[in-house]
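# Tertiary structure, described
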Amino acid sequence: MKKKKSKTALLIIDMINTLDFKDGNLLMKEAIPVAKNILKIKEGLKKKGIPVIYLNDFFMHWRSDWKKVYEHCTQEKFPGSKLSPILHPDSDDYFILKPKHSGFFNTYLDVLLEELGVEKLIMTGIAGNICVLFTANDAHMRGYKVHVPKNGIASNTKKDNHYALKQMKDVFGIETKPL
């Protein structure tokens, strides 16, 4: 089946997550309201025909089936079990596993974006000061126009998040106004 071309794509980074790590509880506090914002952003963009691409840690479970990653992250034993269901992927969403911080590092994101004809990326997710920042850096280096809405990312603390947004805006010239 031929993929529909779109000049813009929405990236949702690491929102399907166990949050089972040091300071995961801090990130959870910041991530829940952001997840609800991302859902509104996602719904609005999908109505315009903009594709949604989930970039996600693999949690030592290299599965191409996003449902296995989702099932793992929503187990009640994990703090992220309350976060992940907010942004349950739809059947027409793309899902890419990433081994490191950047969604571009050792993934097929470049190939998918080229196939879709994407020139602009709207990036959302967690952690703003780590995986979103690294992915935004790599997108900027590849010549993509990038928008990271400040209401669409979360870090462990508001201070960390503010710093990441400032870096993206000041260093890379990335748009950060809310959506």
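Residues numbered from 1 in each chain as written. Predicted model: local features only at pLDDT ≥ 70, side-chain atom pairs only at ≥ 80, totals over all residues. Heavy atoms only, no water.

### Focus: helix α1 (residues 24-47)
Put simply, the rule reads: Helix numbering and strand numbering both begin at the N terminus, where a helix is a DSSP run of H or I of at least 4 residues and a strand a DSSP run of E of at least 2. Expected span, for any helix, means 1.5 Å times one less than how many residues it has. Note on bend: the value at a residue is the angle between axes fitted to the seven residues ending there and to the seven starting there. Classification of residues uses two cut-offs on accessible area relative to the type maximum, computed with a 1.4 Å probe and protein chains only: under 20% is buried, over 50% is exposed, and between them is partly exposed. Contact between two residues is taken to exist if any of their heavy atoms lie within 4.5 Å; hydrogens are not considered.
Relative to the 34 Å expected for 24 residues at 1.5 Å per residue, α1 spans 33 Å between its end C-alpha atoms, a close match to the ideal helical length. Along its length, α1 reaches its greatest deviation from straightness, about 35°, at alanine 31, and the proline proline 33 lies no more than four positions downstream. Here α1 has its buried residues at Gly24, Leu27, Met28, Glu30, Ala31, Val34, Ala35, Ile38, Ile41, Lys42 and Leu45. Where the residues of α1 are buried, they touch β1 (8-13), β2 (52-57), β4 (120-126), β6 (153-154) and α5 (158-172). Looking one or two places after α1, you find glycine 49, whose phi comes out positive at around 80°.

### What about the side chain of threonine 135?
Rules: Polar contacts, as counted here, are pairs of nitrogen or oxygen atoms within 3.5 Å of one another; within protein the pair requires one atom able to donate a hydrogen and one able to accept it, and residues that are adjacent in sequence qualify only if both atoms are side-chain atoms.
Looking at the element boundaries, threonine 135 is found in helix α4 (residues 128-141). On the basis of relative accessibility, which here comes to 0%, the residue threonine 135 falls in the buried class. Among the polar contacts listed, one links the side chain of threonine 135 to the backbone oxygen of cysteine 131, at a separation of 2.8 Å.

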